[in-house]
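Here are the chains, one letter per residue:
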Amino acid sequence: LHRIQQVTLKEQPLRPLENFDLQTYIDQGGFGFGQIAQPIKLTALFKNGAGHHLIETPLAKDQQIERIDLQTLKITAEVLDTPQLQRWLSSFGPDIEILSPLVLRELIATRHQQAAQLYK
């Protein structure tokens, strides 16, 4: 929505798409940029205050927060495993440690290792 610059009201009624349910599309990760996604149980340590915004804006309804210390939160939530999620998690750099699922942990670790090689 942040890209919308102008809106024009249409006078004629719109025709809904047959057999399409927007909520189902969203729930399956349709806006996750690139693929239909599967739910995963994400557990991560957010360090140096990186995850404090998740206290007020949770990742999911079932999100659980454990305060490890003043600057570290352990967050657990069921989320959709999308390329967008992976990029978002990667953006925290050294301020996040993915604990599970193991496949996601290894993926993020590999990306960070490859990125580090570019700077050597």
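For the structure, see preceding data.
As the structure is a computational prediction, the values presented were derived from the model and not from experiment.

Draft legend 1. Inspection of the nonpolar core at higher detail. Core analysis: the largest hydrophobic core is formed by 18 residues, its most contacted members being Leu 42, Phe 46, Val 79, Leu 89, Ile 96, Ile 98 and Leu 104. Elements supplying a minimum of two residues to this core: strand S1 (39-46), strand S3 (72-80), helix H3 (83-90), strand S4 (96-100) and helix H4 (102-118). Look past the residues within four positions of Ile 98 in its chain and what remains in contact with it is Leu 42, Thr 43, Ala 44, Leu 89, Leu 104, Arg 105 and Ile 108.

Draft legend 2. Broad picture of the sheet that holds S4. The four strands lie next to each other as S2-S3-S1-S4, forming an open sheet whose pairing is antiparallel. Each edge of the open sheet carries a strand with a single partner, namely strand S2 (64-69) and S4. Averaged over all neighbouring strand pairs, the angle between strand axes comes to 25 degrees, with direction disregarded. In the sheet, S1 pairs with S3 via eight bridges, with the strands oriented antiparallel. Within S3, the position partnered with Phe 46 by the bridge is Leu 73. The strands touched by H3 within the sheet are S1, S3 and S4, with S1 carrying the most contacts at an inclination of about 5 degrees. Lying on the sheet, H4 is in contact with S1 and S4; it crosses S4 at an angle near 150 degrees.

Draft legend 3. Inspection of the environment of Pro 58 at higher detail. For Pro 58, the position within the fold is in the loop between helix H2 (53-56) and S2. Note on Pro 58: relative accessible area 48%, which makes it partly exposed. Between the C-alpha atoms of Pro 58 and Ala 77, which are 19 residues apart in sequence, the distance is 8.7 Å.

Draft legend 4. Inspection of the pairing of S3 at higher detail. Across five bridges, S2 lies against S3 in antiparallel orientation. Bridged to Ile 65 within S3 is Ile 75. Linking S2 back to S3 in an antiparallel pair, the connection comprises two residues.

Draft legend 5. The arrangement of H3 in detail. Of all the residues in H3, the buried ones are Pro 83, Leu 85, Gln 86, Leu 89 and Ser 90. An end-on view of H3 places all buried positions within 160 degrees of arc, on one side of the element. Next to the buried residues of H3 lie S1, S3, S4 and H4.

Calculation rules
- Residues numbered from 1 in each chain as written.
- Predicted model: local features only at pLDDT ≥ 70, side-chain atom pairs only at ≥ 80, totals over all residues.
- Heavy atoms only, no water.
- Core = buried A, V, L, I, M, F, W, Y, C linked by side-chain atoms within 4.5 Å.
- Buried < 20%, exposed > 50% of the residue type's maximum accessible area, 1.4 Å probe, protein only.
- Helix = DSSP H or I, 4+ residues; strand = E, 2+ residues; numbered from the N terminus.
- Contact = heavy atoms within 4.5 Å.
- Pairing = 2+ DSSP bridges.
- Axes fitted to C-alpha atoms, helices over the stretch in contact; angles between N-to-C directions.
- Arc of directions from axis to C-beta.

Purely spatial values, then, with no claim about function.
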